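As a plain string of letters, each chain reads:
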Amino acid sequence: DQQVKQNSPSLSVQEGRISILNCDYTNSMFDYFLWYKKYPAEGPTFLISISSIKDKNEDGRFTVFLNKSAKHLSLHIVPSQPGDSAVYFCAARARYNFNKFYFGSGTKLNVKP
Amino acid sequence: SQTIHQWPATLVQPVGSPLSLECTVEGTSNPNLYWYRQAAGRGLQLLFYSVGIGQISSEVPQNLSASRPQDRQFILSSKKLLLSDSGFYLCAWSVFSGRARGTQYFGPGTRLTVL
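Residues numbered from 1 in each chain as written. Chains lettered and ligands numbered in written order. Predicted model: local features only at pLDDT ≥ 70, side-chain atom pairs only at ≥ 80, totals over all residues. Heavy atoms only, no water.

Student: Run through the state of the cysteines, naming residues and quoting values.
Tutor: All names here are of chain B. Inspection of every chain in the model, using the stated rule, returns two disulfides over all chains. Linked covalently through their sulfurs, Cys23 and Cys91 form a disulfide whose S-S length is 2.0 Å. With the S-S dihedral at roughly -75°, the linkage between Cys23 and Cys91 falls on the left-handed side. Of this pair, Cys23 sits in strand β3 (residues 19–26) while Cys91 sits in strand β9 (residues 87–94), and the two are 68 residues apart along the sequence. (Disulfide = S-S within 2.5 Å. Helix = DSSP H or I, 4+ residues; strand = E, 2+ residues; numbered from the N terminus.)

Here's what the structure looks like:
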C-alpha cells in the first residue's frame, strides 16, 4: 500500500525553464513533507520541507507547495539548471510516528542545456 | 557540522553468506538512526530505526537485523543473504530539536549485490 506516490517516473525540461515535480499522498495524518534530491550511487540530499500548517515554502530556486484538500505536493525549480538533473523523492511523515517517513518512488529530472 | 559514514561503498556477496554494514555519525549526540533499502527502480523502504543504544524498531519482517552498540553507531546484519536482499542500503540520522526537527539526513549508501 503506497501512501506516497510520484506518478511521473521522468521529466525533461529545458535549461532556464520551470521544473514542476508532483507528489500525491493518501494519509490525512501526514503533517510534515520533504523533498530529497539523489544522484546515482549517492545518498539522498535534503532539499526543502514544509509543515502541514503551511501551503508554501520557498528556498532560493526551490519552492514547495502543499494542497491539503487535494493531498498533493509539488516542487517548483526556477530557473532549472543542468546540475539539477537527478532523481527527486518526496517523503511524508505521520504525526503519530515521527520516525517513519514514507517515500515516493522518485522522478528522474533531466535538464537539457 | 554533522557527518555520516557508511562502509563499504559496494559489496558483492554469495547467497547464504553473512552480512555486516556499518554506519557512524559524527557531530551530533543522541541521534535517531535509520536503515533504508532502495531496490532497483523503487522508492526508499524503511527497514529499522533506533531512538537509543540497544533500542531497535523493525518495520519490515525479513532476514535482516540491526543493532546499535554505541550512541552513534548503527549496524545492519544478516546471517544468510538471499538474492532478494540485493539493493542500495542507506543509513540516515535525525534529531528532534532545532529548526529542522525530524528531517532525516542520509549517508552515501552501500550497493549490495547478492549472487
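Don't stop here, the text continues.
Student: Give a description of the sheet that holds strand β1 (residues 3–7) of chain B that names residues and reports values.
Tutor: All names here are of chain B. Strand order in the open sheet formed by four strands is β1-β3-β8-β7, and the pairing between neighbours is antiparallel. The open sheet has two edge strands with one neighbour each: β1 and β7 (64–70). Taking the axes of each pair of neighbouring strands and ignoring which way they run, one obtains an average angle of 20° across the sheet. (Pairing = 2+ DSSP bridges. Axes fitted to C-alpha atoms, helices over the stretch in contact; angles between N-to-C directions.)

Student: Residues and numbers for the packing of aromatic side chains, please.
Tutor: The tally for this structure, following the rule as stated, stands at 14 aromatic pairs over all chains. Both rings, one in A:Tyr25 and one in A:Phe30, keep their centres 6.0 Å apart while their planes meet at 50°; by these two values the pair is tilted. For the pair A:Tyr25 and A:Phe30, a shared accessibility class is recorded, and that class is buried. An angle of 80° between the planes, with centres 5.4 Å apart, marks the rings of A:Phe103 and B:Tyr36 as edge-to-face. Taken together, the residues span two chains, with A:Phe103 in strand β10 (residues 101–103) and B:Tyr36 in strand β4 (residues 32–38). Chaining the aromatic ring pairs together yields one cluster made of A:Tyr36, A:Phe46, A:Phe103, B:Tyr36, B:Trp93, B:Tyr105 and B:Phe106. (Phe/Tyr/Trp six-rings, centres within 6.5 Å; stacked < 30°, edge-to-face > 60°. Buried < 20%, exposed > 50% of the residue type's maximum accessible area, 1.4 Å probe, protein only.)

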